[in-house]
Amino acid sequence: MKRNSKTSVAVITGVSSGLGRALAQCFHHNGFRVVGISRSQPDIDLDLWVCADVTNPEDRARAVRETEAFAGSVDVLINNAGKGLYDTWEESSMEELKALFELNFFAVAGMTQAFLPLLKRSRGTVINISSAAGRIWVFCMGAYCASKAAVSMFSNSLRGEVARYGVRVLDVSPGQINTGFSSRSFGHRSPPDSPGRSAGPEDFAKAVYRAWKRGRKSMTYPGWLGAALFAVRYFVPGIYNHFSLKMWGLK
Ligand SMILES: NC(=O)c1ccc[n+]([C@@H]2O[C@H](COP(=O)([O-])OP(=O)(O)OC[C@H]3O[C@@H](n4cnc5c(N)ncnc54)[C@H](OP(=O)(O)O)[C@@H]3O)[C@@H](O)[C@H]2O)c1
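1. Quick look at the packing of helix α1 (residues 18-29) against helix α5 (residues 201-213)
Where α1 meets α5, the closest approach of the two axes is 8 Å, and the angle between their N-to-C directions is 55 degrees. Between α1 and α5, the crossing angle belongs to the class labelled oblique. Seen from above, α1 lies across α5 with right-handed handedness. Here G18, L19, A22, L23, C26 and F27 of α1 lie close against α5, whose contacting residues are P201, E202, F204, A205, K206, V208 and Y209.

2. With respect to the site of the ligand
Among the 28 residues in the neighbourhood of the ligand, the closest are listed as S40, N80, Y144, T179 and R184. One of the side-chain nitrogen or oxygen atoms of Y144 is found 2.6 Å away from an oxygen atom of the ligand. At 2.8 Å, a backbone N or O of I177 approaches an oxygen atom of the ligand. Computed on the free molecule, the ligand has an accessible area of 880 Å², of which 94% lies beneath the protein chains in the complex.

3. Things to note about the packing of aromatic side chains
Under the defined criterion, the tally for this structure stands at 14 aromatic pairs. When the centroid spacing of 5.0 Å and the interplanar angle of 75 degrees are considered together, the rings of F27 and F32 count as edge-to-face. Just as F27 is buried, F32 falls in that class too. The interplanar angle of 70 degrees and the centroid separation of 5.2 Å between the aromatic rings of F105 and F106 together place this pair among those described as edge-to-face. Take F106: its relative accessible area is 43%, and that puts it in the partly exposed class.

4. Digging into the environment of D171
Within the secondary structure, D171 is located in strand β7 (residues 168-174). Overall, the relative accessible area of 2% leaves D171 in the buried class. Measuring from C-alpha to C-alpha, the distance between D171 and I127 comes to 6.1 Å, with 44 residues separating the pair along the chain. What D171 contacts, discounting residues up to four positions off in sequence, is N128, S130, R135, V151, S152, S155, N156, R159, K217, S218 and M219. Within polar-contact distance, the side chain of D171 engages the side chain of S152 at 3.2 Å.

5. Re the confidence of the model for the protein
For the protein, per-residue confidence averages 95 on the pLDDT scale, and residues scoring 70 or more make up 96% of the total. Note on residues 1-5: pLDDT is under 50 here. Beyond four places in sequence and across chains, it has seven contacts.

Quick notes on the rules
- Residues numbered from 1 in each chain as written.
- Predicted model: local features only at pLDDT ≥ 70, side-chain atom pairs only at ≥ 80, totals over all residues.
- Heavy atoms only, no water.
- Axes fitted to C-alpha atoms, helices over the stretch in contact; angles between N-to-C directions.
- Helix = DSSP H or I, 4+ residues; strand = E, 2+ residues; numbered from the N terminus.
- Parallel < 35°, antiparallel > 145°, perpendicular 65-115°, else oblique.
- Left-handed = near helix turned anticlockwise from the far one by under 90°.
- Contact = heavy atoms within 4.5 Å.
- Near = heavy atom within 4 Å.
- Polar contact = N/O pair within 3.5 Å; in protein donor to acceptor, adjacent residues only side chain to side chain.
- Areas by Shrake-Rupley, 256 points an atom, 1.4 Å probe, with all protein chains shown as cover.
- Phe/Tyr/Trp six-rings, centres within 6.5 Å; stacked < 30°, edge-to-face > 60°.
- Buried < 20%, exposed > 50% of the residue type's maximum accessible area, 1.4 Å probe, protein only.
- pLDDT = per-residue confidence, 0-100.

This is the structure we're talking about:
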């Protein structure tokens, strides 16, 4: 399918920091008009900023109205806004669990439903930012893992349902990326220092843009991570459990 990114429109949630901010800059750099959504004002140039809480259905409906008035249709919707939760299941309160799923899962489904009419007009793409943590359990992050596994299942089932409208779905599962994400998360624990150097948000954004251009259905970032997660999950889960329980001080 030929795409003219000069006139394309991307709606991106969570543009005030981290991955959403980098995605907004990357799509803008590649000729998109970018509609950014967040609660606090971003420090980057956007074609339109909608101050909205994506967990609020009225805010989502207003974001659709403002986007429609601005652009008429949407080529790419990136559901990026999300948070972590660092607690064991035993420590997690029901309020925190519900707040996590409200943002990480229900807002993703709600935004997609709300924007689907505009996406259908341009045979656009839904890009959902899931996580590597949706592909393997992580201790003290079980609720976050569950919310991201739900996002990936949402993406993978939605894909077939909206194909008849020419709408595509890209499921994105990043590993750890340096954004300060854990300092803005729910819960009471802090993640232990993980080995190796985290990737930067700018390279991640370029990889997502490339995956969208190539019409891919899913991607992990970095690329080798998918195979590594598969190997750990199916061949050495006991070793993984042993070392990560120790890392979290649970053994
Ligand atoms: N960083 C990582 O290592 C990593 C790895 C895997 C997956 N992810 C996923 O990537 C996404 C972005 O993470 P990040 O690291 O960029 O996090 P971040 O730096 O904390 O950014 C989160 C963004 O979401 C927005 N947001 C939060 N609650 C919102 C709400 N109710 N309504 C609207 N916007 C809201 C925040 O803006 P306001 O507070 O201004 O609203 C902010 O712009 C998340 O879904 C995360 O789970 C991150």
